[in-house]
Amino acid sequence: AQTVTQSQPEMSVQEAETVTLSCTYDTSESDYYLFWYKQPPSRQMILVIRQEAYKQQNATENRFSVNFQKAAKSFSLKISDSQLGDAAMYFCAYNSPQGAQKLVFGQGTRLTINP
Amino acid sequence: DSGVTQTPKHLITATGQRVTLRCSPRSGDLSVYWYQQSLDQGLQFLIQYYNGEERAKGNILERFSAQQFPDLHSELNLSSLELGDSALYFCASSVTSTDTDTQYFGPGTRLTVL
């Protein structure tokens with residue numbers, strides 16, 4: 001079974017600075033999808049970014065980008081120019097093309113933005 | 001706003017009771033997924049429906065059941081509730097049931113069992 005690990009329970013960054021959240025996963029599959037979801041205090045799960053494993057190019061969405069290292073099974077999220085609204089729990093998730101189309105989530109990283 | 005709606009937002013009930021959580025997927029989405037978020041278990045997949053049929057099961061208890069109706073809305077039924085069932089229950093939807101689809105989440109239903 002696939003597992004996702006986020007080794008940083010909490011992170012903090014100064015407003016306008018850059019922060020990187022780490023995620024590693026374990027799988028024997030070659031094709032899969034990876035996601036970062038954001039959960040602000042409202043508890044809504046909001047999609048931040050998505051990466052297809054077959055794509056070598058790292059995904060980017062405005063201030064959010066990923067560093068996808070397939071061989072290392074690493075999928076980190078970089079947030080540039082951090083804003084107060086970025087404060088939230090961030091979850092890394094894996095979706096397998098085999099079997100159930102379920103998301104397997106990491107434990108989450110709580111990001112605090114210091115003004 | 002993801003376009004996925006869930007009702008009610010909050011639910012407080014007693015042990016041994018039964019509750020029903022409702023989810024309406026985004027317009028055009030055929031797949032519905034249910035997830036449970038609790039402090040000790042994190043976010044866990046419960047069950048998936050696609051166009052009215054059960055497609056996959058995760059760590060769903062026998063006391064829990066779900067269905068998807070012809071209008072594609074889904075209900076998650078939780079019975080014989082225990083204190084440990086207190087959690088945030090999310091519904092997500094996607095266009096089809098393939099791995100290429102992104103799942104969009106509703107706002108969740110917070111269940112408190114007293």
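Heads up: these notes are all about the structure in this document. (Residues numbered from 1 in each chain as written. Chains lettered and ligands numbered in written order. Predicted model: local features only at pLDDT ≥ 70, side-chain atom pairs only at ≥ 80, totals over all residues. Heavy atoms only, no water.)

1. A closer look at the overall build of chain A
Inference 1: Of regular secondary structure, chain A possesses zero helices and 12 strands.
Inference 2: The helix and strand sequence of chain A, counted from the amino end, reads β-β-β-β-β-β-β-β-β-β-β-β.
Inference 3: Here chain A has a C-alpha radius of gyration of 14 Å; the compact-globule value for 115 residues is 13 Å, and the two agree.
Inference 4: With respect to the principal axes defined by its C-alpha atoms, chain A has extents near 45 × 25 × 20 Å.
Inference 5: A burial count over chain A gives 50% of its 115 residues as buried. (Helix = DSSP H or I, 4+ residues; strand = E, 2+ residues; numbered from the N terminus. Rg over C-alpha atoms; globule rule 2.2 N^0.38 Å. Buried < 20%, exposed > 50% of the residue type's maximum accessible area, 1.4 Å probe, protein only.)

2. Let's talk about the interface of chain A and chain B
Inference 1: Every contact between the two is made by 18 residues of chain A and, on the other side, 22 residues of chain B.
Inference 2: Buried surface at the junction of chain A and chain B, both sides included, amounts to about 1700 Å², of which 55% is carbon and sulfur.
Inference 3: Taken as a group, A:R43, A:Q44 and A:Q101 account for 31% of the area that chain A buries against chain B, more than any other trio of residues on that side.
Inference 4: Scanning the region where chain A abuts chain B turns up zero salt bridges.
Inference 5: The interface formed by chain A and chain B holds six residue pairs in polar contact (both at pLDDT 80 or more) in total.
Inference 6: Residue assignment for the side of chain A that touches chain B shows that the elements contributing at least two residues are β5 (33-39), β6 (46-52), β10 (88-95) and β11 (103-105) of chain A.
Inference 7: A per-element tally of the side of chain A that touches chain B places β5(A) first, with four residues.
Inference 8: Residues belonging to the side of chain A that touches chain B are distributed by class as follows: 10 nonpolar, five polar and three charged. (Contact = heavy atoms within 4.5 Å. Buried area = accessible area lost by both parts, 1.4 Å probe. Salt bridge = Lys/Arg side-chain N within 4 Å of Asp/Glu carboxyl O. Polar contact = N/O pair within 3.5 Å; in protein donor to acceptor, adjacent residues only side chain to side chain. Nonpolar A, V, L, I, M, F, W, Y, C, P; charged D, E, K, R; others polar.)

3. Some remarks on the nonpolar core
Inference 1: One finds A:Y25, A:W36, A:F75, A:L77 and A:Y90 to be the most contacted residues of the largest nonpolar core, which totals 26 residues.
Inference 2: Taken together, the elements giving at least two residues each to this core come down to β3 (19-21), β5, β6, β8 (64-69), β9 (74-79), β10 and β12 (109-114) of chain A.
Inference 3: Of the residues forming this core, the biggest block, four residues, is contributed by β10(A).
Inference 4: Discounting chain neighbours no more than four positions away, the residues touching A:F75 are A:L21, A:C23, A:Y25, A:L34, A:F35, A:W36, A:Q51, A:V66, A:N67, A:F68 and A:C92.
Inference 5: By size, the runner-up hydrophobic cluster in this structure holds 21 residues, among which are B:L21, B:I60, B:A66 and B:L76. (Core = buried A, V, L, I, M, F, W, Y, C linked by side-chain atoms within 4.5 Å.)

4. Regarding the state of the cysteines
All names here are of chain A.
Inference 1: All chains considered together, the criterion is met by two disulfides over all chains.
Inference 2: One disulfide bridge connects C23 with C92, the sulfur atoms lying 2.0 Å from each other. Taking the torsion about the S-S bond as the criterion, the C23 to C92 disulfide, at about -70°, is left-handed. Here C23 is found in the loop between β3 and β4 (24-26), whereas its partner C92 is found in strand β10, with 69 residues between them in sequence. Exposure class is identical for C23 and C92. Each is buried. (Disulfide = S-S within 2.5 Å.)

5. Some points on the sheet that holds strand β8 (residues 74-78) of chain B
Residues and elements named next belong to chain B.
Inference 1: The strand order across the open sheet formed by four strands is β1-β3-β8-β7, and the pairing between neighbours is antiparallel. At either margin of the open sheet sits one strand with a lone partner, and together these are β1 (5-7) and β7 (64-68). If you compare each strand with its neighbour and ignore which way they point, the axes differ by 15° on average.
Inference 2: In terms of strand pairing, strand β3 (residues 19-24) meets β8 through five bridges, oriented antiparallel. Directly across from C23, in β8, lies its bridge partner S74. (Pairing = 2+ DSSP bridges. Axes fitted to C-alpha atoms, helices over the stretch in contact; angles between N-to-C directions.)

6. Quick word on the environment of A:F35
Inference 1: Tracing the sequence through the fold places A:F35 in strand β5.
Inference 2: Expressed as a C-alpha distance, the spacing of A:F35 and A:T3, which sit 32 residues apart in the sequence, is 14 Å.
Inference 3: When neighbours within four sequence positions are excluded, A:F35 is seen to be in contact with A:L47, A:I49, A:R50, A:F75, A:F91, A:C92, A:A93, A:N95, A:L103 and B:T102.

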